[in-house]
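Structural features, examined
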Amino acid sequence: MGSFLQRGTFPPISLDTFCLPRVQGGLGIIDPKTQQSALQLRWLQPIVRAPRSPAGLVPRWMSGLLQASLPSLSPLFPLLFPSMRPSGWRDLTSPLHLVFAAIDHLPHNFDNVVVNSTTCLALPLSAVTIVPASQARFPPSWNDLLVSHLYTFDPALASLRSISIISSHQRSRVINKFLSRVQLNTLTLHPIIVRACCSPRELTEQYPSLPVQDDTSIDLFPFFNALVPSQTWARLSTRTFRGLCSHHLVRARYFDPPRGSRHWRKFWSFPLPLVARNIWFRGLHDKISCRARLHSLLPLAFPSPTCSIYSLSSDSQDHFFFTCPLKNAVWIGMWLEFFGTIPTPTALHNAFHFFSFPSSLNSSIPPSTVFGCTLLAIWRHHWTFIFDDSPFVPSAVVGTARKTLTRICQELDLNPLF
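Since we're looking at a predicted model, the values are computed, not measured.

The omega torsion across Phe10 and Pro11 is -5°, close enough to zero to call that bond cis. Within the element layout of this structure, Pro11 appears in the loop between α1 (2–5) and α2 (15–18). At Ala158, a position not held by glycine, the phi torsion is positive, near 60°. When you line up the elements, Ala158 lands in the loop between β2 (151–154) and β3 (159–162). Despite not being glycine, Asp389 has its phi angle at roughly 55°, a positive value. Note that Asp389 resides in the loop between α20 (367–388) and α21 (394–411). For Asp389, a relative accessible area of 67% corresponds to the exposed category.

Here we come to the nonpolar core. Among the nonpolar cores identified, the biggest contains 56 residues, and Leu79, Val147, Phe223, Phe224 and Trp233 are the most heavily contacted of them. Residue-level mapping places this core at the junction of two domains, with at least three residues from each of domain 1 (31–104) and domain 2 (117–226). When neighbours within four sequence positions are excluded, Trp233 is seen to be in contact with Leu41, Leu44, Gln45, Val48, Ile103, Leu106, Phe224, Asn225, Leu227 and Val228. If you look at the next biggest cluster of nonpolar residues, it comprises 47 residues, including Ile279, Leu284, Met334 and Phe339.

On to helix α15 (residues 274–284), then. Counting buried positions along α15 gives eight out of 11 residues, so the element sits mostly inside the fold. Listed in full, the buried residues belonging to α15 are Ala276, Arg277, Ile279, Trp280, Phe281, Arg282, Gly283 and Leu284. Buried-residue contacts for α15 involve α2, α14 (261–269), α17 (317–323), α19 (345–354) and α20. In the segment just after α15, Asp286 is the residue with positive phi, at about 55°.

On to the domain arrangement of the protein chain, then. The domain boundaries assigned to the protein chain delineate domain 1 (31–104), domain 2 (117–226) and domain 3 (270–414). The distance between the C-alpha centroids of domain 1 and domain 2 comes to 25 Å. With 10 residues of domain 1 in contact, the opposing surface of domain 2 contributes 11 residues. Approximately 1000 Å² of surface area, both sides summed, lies buried where domain 1 meets domain 2, with 86% of it carried by carbon and sulfur atoms.

With that out of the way, let us pick up the packing of aromatic side chains. Two numbers describe a pair of aromatic rings. These are the distance of the centres and the angle of the planes. The full count for this structure, using the stated rule, is 39 aromatic pairs. Between Trp264 and Phe267, the ring centres sit 5.8 Å apart and the planes meet at 85°, which makes this aromatic pair edge-to-face. One end of the pair is Trp264 and the other is Phe267, both in helix α14 and three residues apart, which spans about a single turn. In this structure, Trp264 and Phe267 share a single accessibility class: buried.

Tracing the sequence through the fold places Asn328 in helix α18 (residues 325–338). The contact partners of Asn328, leaving out residues within four places of it in the chain, are Phe322 and Leu348.

Turning our eyes to something else, we now look at the pairing of β3. Within a regular beta strand, the side chains point alternately toward one face of the sheet and then the other, so they alternate between its two faces. Note: β2 against β3, four bridges, orientation antiparallel. Bridging across to β3, Tyr151 finds its partner in Ser162. Between β2 and β3, which pair antiparallel and follow one another directly, the connecting turn spans four residues, one of which, Ala158, has a positive phi of 60°.

Before going further, it helps to examine the packing of α18 against α20. Two elements in contact, α18 and α20, have axes whose closest approach is 11 Å; the angle formed by their N-to-C orientations is 155°. With respect to α20, the element α18 is oriented roughly antiparallel. The interaxial crossing formed by α18 with α20 has right-handed handedness. Here Lys327, Val330, Trp331, Met334, Trp335 and Phe338 of α18 come into contact with α20, specifically with Val370, Phe371, Thr374, Leu375, Ile378 and His382.

Next up on the list: the environment of Ala127. Along the chain, the position of Ala127 falls in the loop between α8 (117–122) and β1 (129–130). Taking relative accessible area as the criterion, Ala127 reaches 26% and is therefore assigned partly exposed.

Here we come to the environment of Asp111. With respect to the helices and strands, the residue Asp111 is situated in the loop between α7 (97–105) and α8. Separated by 80 residues in sequence, Asp111 and Pro191 have C-alpha atoms that sit 6.3 Å apart.

The rules behind each value
- Residues numbered from 1 in each chain as written.
- Predicted model: local features only at pLDDT ≥ 70, side-chain atom pairs only at ≥ 80, totals over all residues.
- Heavy atoms only, no water.
- Helix = DSSP H or I, 4+ residues; strand = E, 2+ residues; numbered from the N terminus.
- Buried < 20%, exposed > 50% of the residue type's maximum accessible area, 1.4 Å probe, protein only.
- Core = buried A, V, L, I, M, F, W, Y, C linked by side-chain atoms within 4.5 Å.
- Domains from an automatic or database assignment.
- Contact = heavy atoms within 4.5 Å.
- Buried area = accessible area lost by both parts, 1.4 Å probe.
- Phe/Tyr/Trp six-rings, centres within 6.5 Å; stacked < 30°, edge-to-face > 60°.
- Pairing = 2+ DSSP bridges.
- Axes fitted to C-alpha atoms, helices over the stretch in contact; angles between N-to-C directions.
- Parallel < 35°, antiparallel > 145°, perpendicular 65-115°, else oblique.
- Left-handed = near helix turned anticlockwise from the far one by under 90°.

The structure is reproduced here in structure tokens:
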């Protein structure tokens, strides 16, 4: 997909960046893995709404498979917690593989989840244990341990308390190893456990913004609600699902303000030639193939970072477009003709990155169109110089920019310029 979208361009923009919404600096390309998971909502939503008897033939069949693995528990347990899935269901041949992958694809942020004591005791320890990055992972042989192996409900305290592990207990050795790691801080208990060990009064005092769960039946819906914050499973769409999974776009480039959604909407609204918009878009992502960047990426192929046209300066992106003396002469010519001023390097930089344009002498010509057509003319004449040894003449570049601008204005049904 990345190669198709960027054929013949270098350096490439990551596919993850393209998958961001357009108002976040991407192109809104659908990530295939995320979309595959989003399509599983057709089966997931009925199961989440009615775990034991969902509507529809396929969801009911899937629910039956889930109940067969844990007859005494809700079929939502293996959906939510990977450690509770039978080993045969974890490979690609499992009929539930894609459904499990869809649940796992959602952000699992359970820091503010509050569950009742009955639910907490039924949870796997692996789900309520945090392993620091520098420590050994949670051993797979411990995956069958439940919270009830270490805690019990104390009616007098109305909360959980730890139990004494006697040597005759069949898992005493493993449990003691777990407790030892907790004491050494190589494992940390999740806030869910910490809150479950608080009395209702303590919970209200220490966590006033969190609800108190006093029901006595197992309820996993607080977890499922946390998977889709600010949403409901009944109204969850594939588009919303994809938005919730944007954290998987680890190679995407995110822009801080002032390049927010309003900034990007303005960019997409500019009346520009398509090629000019492509060049500008790549420049905003710092992916212009200027000599300095090519040298940093391919030093053997490009041994020098200096400008091919003006060899006394390093060819950074700003130099490529603005500060090279011959290219700056193009901007001076266009700026004087359409804005009546001489641009400074800072003014050109701000126009490129922050869309700060002076007022146009002709109100019918958008300043952004003048800027984009000038970018395009500089780009074309630069590469004509590189590949065809054609001299870079500022007056010729200005002429090309004028012609492009005239065509765009005609396409926009504006008054002819010349």
